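# Fold and geometry: a report
The chain contents come next:
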Amino acid sequence: MAGSRERWNSKAGFVFAAVGSAVGLGNMWRFSYMTAESGGAAFVALYLGFTVLVGVPIMLAELTIGRGSGKSPIQALAHYGRDRLGGSAWKALGVVFVLAGFIIISYYGVIAGWTLRYAAEALVGFGSDAGAHFGEISEGLDAFLFHVVFMAVTIAIVRRGVSSGIERVSLVAMPALLVLVIGIALYAATLDGGSAGYAYYLNADFANVFSTKVVVDAAGQAFFSLSLGMGAILTYASYLDRDNNLPAQSGVIAASDFGVAFLAGLMVFPLIFALGLEGEVSGSTIGALFVALPKAFAGMGAAGQVVGFLFFVALVVGALTSAISLLEVVVSAGMDGLGWERPRSAIVMGVAATAMGAASAWNIKVLGVMDGVANNLFLVGGGLGLALFVGWIMKDPIEEANEGAGGSRIWLVIWLNLLRFAVPIVLIWVLWHSVPETLRSVADLF
Ligand code: TRP
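First, a word on what this report is: a plain description of the structure on this page. Small disclaimer: the values here were computed from a predicted structure and weren't measured.

### Topic: the environment of Gly334
- Here Gly334 shows up in helix 15 (residues 301-338).
- With residues up to four places along the chain from it excluded, the contact list for Gly334 reads Gly339, Trp340, Ser345 and Met349.

Okay, structure coming up:
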């Protein structure tokens, strides 16, 4: 591409876009069902731990590589790998990122499509048999068509570019989302019987925390929710100027992301418990919330119609700014790697990702396996690669991260040592315990 790289219009615009990437279905749908499955607050505590000790360091690693290179993932890794151990072979990690982007967006669009449909249906009121309804709409042509609609909007925004597409949408969407989530959480607080939901959500049963599965799930959830491990944040940072304070921004993005997830729990659990529907989510699965919540809203009369609508609108808005960032990774790869113009890359990559979604749209088991593979293998593995790259390979990471910050370097020394030692050890432990089972789940599909 001739000319210089696209730029964010303002620092706030970048931060809103990055928060928009992080905050999405992962915070609302995935966080709630994972928390329900793992028994409540203990999982939340672990997930917070991963966010702070693993997520923030990797977030800063992605920001540093992206801004410093001014390139999308494959070229960025080649840039910093050049003349270092491994050399341009580090490109392969970037290729894995792009692959992960395709996989995640393909099924993410399908879930967003369910959400879109539910927003519309909430207005006319959910029927009585939510379980059967979800079974009918979650698979097949219906699911695919709503996925197509959602993806078409995503593609149109990415096609318009960084500042006039992604940034503009994020500046409107994120405040709107926050208002909706806080409003619904306040409404939920007024429900009789909701207190059992808070008790479930906020009382830690630490006996559970030490199960390997819960720890592995909390790690995968932290990566997914923060959009880490596949170069999405890296790509957004490649449009940044050097006067941005990256350490501060990584903290703001992570705190916002955790904050919205926490608020989502404050909406979902009282809503479900107030209607006595906790049985619906114990032993929770992908579809649990799409069954339990419509039941809860149906039980609330007219208020349920309004709140249900707003709830699913919030989910769609969150999903949109996240899907945009997933698509941007593969679109920027097409631009930087294949020399395509943005509009062409947005359409070709977007249509390819949409078509791939057919596999998940027609089979919810495939969707679940893709989600497991993406989180437990690709994102955690990608995070390990990034930690090792910045910790051991890249030249002068502290100087690069500190540009535009100029604060005390002690935190950056701690950061680098986390990336060198603690983060890889933790992630290798997680992979050790998750890879066999994840591979088995893939084999079971056939
Ligand atoms: N973080 C988003 C969510 O919570 C999903 C997402 C967007 C994502 N971009 C990503 C996940 C990049 C992993 C990697 O819904």
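### Focus: the site of the ligand
- Close to the ligand lie 17 residues; Ala22, Gly26, Tyr108, Phe224 and Ser227 are nearest.
- One nitrogen or oxygen atom from the main chain of Gly26 is found 2.8 Å from an oxygen atom belonging to the ligand.
- Residue composition of the shell around the ligand, by class: nine nonpolar, eight polar and no charged.

### Here we look at the side chain of His147
- Its place among the elements puts His147 in helix 7 (residues 141-160).
- Exposure remark for His147: the relative accessible area of 0% places this residue in the buried category.
- In this structure His147 touches Ser106, Gly109, Val110, Gly113, Ala353, Thr354 and Gly357, once residues within four positions along its chain are discounted.

### Examining the pattern of salt bridges
- The final tally for this structure, using the stated rule, is 13 salt bridges.
- The closest approach of N and O atoms between Arg342 and Glu6, which form a salt bridge, is 2.8 Å. Of this pair, Arg342 sits in helix 16 (residues 342-356) while Glu6 sits in the segment before helix 1 (11-22); the two residues are 336 residues apart in sequence, bridging distant segments of the chain.
- Look at Glu6 and you get partly exposed, because its relative accessible area is 21%.
- The residue Glu403 makes a salt bridge to Arg242 at a minimum N-O spacing of 2.5 Å. With a gap of 161 residues between them, Glu403 in the loop between helix 19 (397-402) and helix 20 (410-444) and Arg242 in the loop between helix 11 (232-237) and helix 12 (246-274) connect regions that are remote in the sequence.
- Under the relative-accessibility criterion, Arg242 is labelled partly exposed at 37%.
- The structure contains a network of salt bridges with shared partners spanning Glu6, Glu328 and Arg342.

### Some points on the packing of helix 3 (residues 41-69) against helix 10 (residues 212-225)
- For the pair helix 3 and helix 10, interaxial distance at closest approach is 8 Å and the crossing angle is 50°. Here helix 3 lies oblique to helix 10, going by the angle between them. Considering the relative orientation of helix 3 and helix 10, their crossing is right-handed. Every residue of helix 10 that contacts helix 3 at Phe43, Leu46, Tyr47, Phe50, Thr51, Val54 and Ile58 is listed here: Val214, Val215, Asp217, Ala218, Ala219, Gln221, Ala222, Phe223 and Ser225.
- Residue composition of the contact of helix 3 with helix 10, grouped by class: 12 nonpolar, three polar and one charged.

### Focus on a nonpolar patch on the surface
- On the surface, a nonpolar cluster with roughly 410 Å² of combined accessible area is contributed by Leu388, Trp392, Phe421 and Ile425.
- Among the elements of the structure, helix 18 (364-393) and helix 20 are those that each provide at least two residues to the nonpolar patch.
- Structurally, the position occupied by Ile425 is in helix 20.
- According to the relative accessible area criterion, Ile425 is exposed, its value standing at 59%.

Conventions and cut-offs
Residues numbered from 1 in each chain as written. Predicted model: local features only at pLDDT ≥ 70, side-chain atom pairs only at ≥ 80, totals over all residues. Heavy atoms only, no water. Helix = DSSP H or I, 4+ residues; strand = E, 2+ residues; numbered from the N terminus. Contact = heavy atoms within 4.5 Å. Near = heavy atom within 4 Å. Polar contact = N/O pair within 3.5 Å; in protein donor to acceptor, adjacent residues only side chain to side chain. Nonpolar A, V, L, I, M, F, W, Y, C, P; charged D, E, K, R; others polar. Buried < 20%, exposed > 50% of the residue type's maximum accessible area, 1.4 Å probe, protein only. Salt bridge = Lys/Arg side-chain N within 4 Å of Asp/Glu carboxyl O. Axes fitted to C-alpha atoms, helices over the stretch in contact; angles between N-to-C directions. Parallel < 35°, antiparallel > 145°, perpendicular 65-115°, else oblique. Left-handed = near helix turned anticlockwise from the far one by under 90°. Patch = residues over 30% accessible without salt bridge, like charges linked within 9 Å, V, L, I, M, F, W, Y side chains within 5 Å. Areas by Shrake-Rupley, 256 points an atom, 1.4 Å probe, with all protein chains shown as cover.

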